[in-house]
Amino acid sequence: MLDQSYYNKADEIIEGYGRKAASLIPIMQDIQAEYRYLPGELLTYVAKQIGVKEAKAFSVATFYENFSFEPKGKFIIKVCDGTACHVRKSMPVKEALMKELGLTHKQHTTDDMMFTVETVSCLGACGLAPTLTVNDEVHPKMTPEKAIDLLSELRGEKV
Amino acid sequence: MGYMTIDGRKVEFTDEKNVLSVIRKAGINIPTLCYHSELSTFGACRLCTVEDNRGKTFASCSEEPRDGMVIYTNTGKLKKYRKMIVELLLAAHCRDCTTCVESGVTCVLQSLALRMGIQEVRFENTREIRPLDMTSPSIVRDPNKCILCGNCVRACEELQGIGALGFAYRGTEAMVMPEFDKKINETLCVNCGQCRVFCPTGAISIRTNIDEVWDALADPNVRVVAQIAPAVRVAVGDNYGVPKGRSVMGKIVNALHRMGFDEVYDTTFSADLTIMEETAEFLDRVQNGGKLPLLTSCCPAWVKFVTDQFQDFVPNISTCRSPQGMLSAVIKEHFRDPANNPDGRKTVVVSFMPCTAKKMEAERPNSYTKGEKDTDIVITTTELIRMIDNNGYDFGMLEPEACDTPFGLGSGGGVIFGVTGGVTEAVLRRLSPDHTKASMESIAESGVRGMDGIKEFSVPYNGIDVKICVVNGLANARAVMDKVRAGEAEYHLIEVMACRRGCIMGGGQPAGAGDRTKAARAQGLYNADNTTIIKKSDENPLVIDLYNGMLKDKAHELLHVEGY
């Protein structure tokens, strides 16, 4: 069960967009922006409030890669795997990150909730390939080594 | 309005909503998996693709007819496309046809594979095998047989307004499932089984209880008693070349006697009991200021809909048991009397229903009397056909037989329960002071008949204008209930059957019925009424006997529930 504050926040967001089916996506986006993920309980709550069937809301939320029911880490690392990045070996970068953080295809976030590693299709920075973003900040021309260094740098911020 | 040329022949069209309907009207049964005239057009399966005179191809379900159109339905290119579509669907589909319950007549995918002449599937099935959902007493969901046509999703949402199923994920990961991959019994599913009616494969099928019946029949210490609902008799014949909608009640009774049923009764009899009780309850509520509108309680899917989503109206639901519940309770009580059960056998009641939700109703805590389950096993029409086939009876050769006494006779009012408006019509007959032909006709013409989703009308009774609403389809019921809740509509009585057109199109009936079959089934029940001497429930002599006998002090205990 989520804390009541989550529902209050959801109410506030719902009021901003109006109780109609068309508000579903913007509401989900705002909730995700607030909590860095979309809590399943809130999806159920929002669906009921705006008069959308829960299965339908779930359908929309799972259709878009961007929505996540899993809580994400403090640092969200998006490794670009668009064509330009892919041919410039972006996958070894991602694999190095995953190995270093002990992540798998099923687990995208570290147990200490510090890092989330995801793949995205194109960040629009093909000239800087291979590239990745950390919380929307672009890091160009990555290599597996640079990626590991980046992690220690980010870990350093923790202290 | 206009003309189009289909495969070189001129075809007239009027108000058809798409090219597909015009093609079918012209006698070409173009294949489809995702198109149903009662559902919204989805355009997913692409099997109905046709070609125009410029070589352009388009899905005929999603194209409006235009005057002067020239289309071809079976060019070489199209044949190749269609075959490839079906082959690809088969590639990602469980192919255990020999053990699939929908194999044979009901699986559209299988019949299309045959039609397209597919003898080889060149691709490997790379889909992950997923577990079956066996949590519902009514339906089984096998995701491995799903072809993503979305018929179940649209039937549940558009016809029933429930939305228990939806698409999830995308692309090759796409699947049909309830929200958060919940089990079906954790959703707002009302067990109506319409998803199964619209499913073109075995992805959603009826949860079968046939083996339990065979076990009971094989046990010498058990008396097996059957009851047959009205709508069953006009649908079983579909499978045996009987003209659509023709009642084959006598043949069914014969088949059940041959199987070894000790007694075969007619649920029409307890439909009469329902009318007696429900009319009394209705008059009591009207005269003594009880909760109105009275909501009918015969349809378990509707009752679950109210208890799930309109809890504030639960006190409005009639306390009458459904006809299934009433007859089972009466049968059990009858055989509790040692005079009727000299050999002391255990009684097992098997009810034959057009309905998957009845399986759920039988499990409800309020479907027990004296600690004993009223209805032991519920068998749908589709399963009954399977049982007849299992025993190898030549249906055409079965001579008609009559039901057994003392619960084997129903009035005309009881038999029309199976079609929307039937319950209300029977109530109105009960309220009518006489049984002349003229008064029966005036009731039939009061607005109670017809296949509209929502029918509103009023009839005068003892100085008041009784306002009635007759609904079929739960999406329509939701619209009516929202209005009632908001105070925008007022009724004395609301009759709801969850399935469109009523029980004749229930979730347990043979699937694949077209418009003519639907109309014929309704007519079949009205014909059964027309050929019955006793029209009114209160004039059924067996009902009168029962009230003077067993029900004298037990009517409430056997015929009503304590709550929902």
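Scroll up to find the structure this text is about.
About the cut-offs
- Residues numbered from 1 in each chain as written.
- Chains lettered and ligands numbered in written order.
- Predicted model: local features only at pLDDT ≥ 70, side-chain atom pairs only at ≥ 80, totals over all residues.
- Heavy atoms only, no water.
- Pairing = 2+ DSSP bridges.
- Helix = DSSP H or I, 4+ residues; strand = E, 2+ residues; numbered from the N terminus.
- Axes fitted to C-alpha atoms, helices over the stretch in contact; angles between N-to-C directions.
- Contact = heavy atoms within 4.5 Å.
- Buried < 20%, exposed > 50% of the residue type's maximum accessible area, 1.4 Å probe, protein only.
- Right-handed = clockwise from strand over helix to strand, strands pointing away.

## Regarding the sheet that holds strand β2 (residues 115–120) of chain A
Residues and elements named next belong to chain A.
Phase 1 of the analysis: Pairing is mixed in the open sheet, where four strands are placed in the order β2-β1-β3-β4. For this open sheet the edge positions go to β2 and β4 (137–139), each flanked by a neighbour on one side alone. When the angles between neighbouring strand axes are averaged without regard to direction, this sheet yields 25°.
Phase 2 of the analysis: Relative to β2, strand β1 (residues 75–80) is paired through six bridges, and the arrangement is parallel.

## Here we look at the sheet that holds strand β17 (residues 454–461) of chain B
All names here are of chain B.
Phase 1 of the analysis: Judged by pairing direction, the sheet is mixed, and its four strands sit side by side in the order β12-β19-β18-β17 without closing on themselves. The sheet is open, and its two borders are formed by β12 (294–295) and β17, each paired with just one other strand.
Phase 2 of the analysis: Here β12 pairs with strand β19 (residues 493–497) via two bridges, running parallel. Residue pairing for β19: Leu-294 is matched across the bridge by Leu-493.
Phase 3 of the analysis: Strand contacts of helix α14 (residues 422–431): β17, β18 (464–472) and β19, with the helix running at about 140° to β19, the strand carrying the most contacts.
Phase 4 of the analysis: Lying on the sheet, helix α15 (residues 437–448) is in contact with β17 and β18; it crosses β17 at an angle near 135°.

## A word on the pairing of strand β11 (residues 263–266) of chain B
Residues and elements named next belong to chain B.
Phase 1 of the analysis: Taking every second residue as pointing to the same face, both faces of β11 are buried, with Glu-263 and Tyr-265 on one and Val-264 and Asp-266 on the other.
Phase 2 of the analysis: Judged from the four bridges that link them, strand β10 (residues 222–228) and β11 form a sheet pairing that is parallel. What sits directly across from Val-225, in β11, is Glu-263.
Phase 3 of the analysis: Handedness of the crossover joining β10 and β11 through helix α7 (residues 249–259) is recorded here as right-handed.

## A look at the pairing of strand β16 (residues 377–380) of chain B
All names here are of chain B.
Phase 1 of the analysis: The two faces of β16 match: Ile-377 and Ile-379 on one face and Val-378 and Thr-380 on the other face are all buried.
Phase 2 of the analysis: As paired strands, strand β13 (residues 346–353) and β16 are joined by four bridges and run parallel to one another. Its bridge partner lying in β16, Val-350 is registered against Ile-377.

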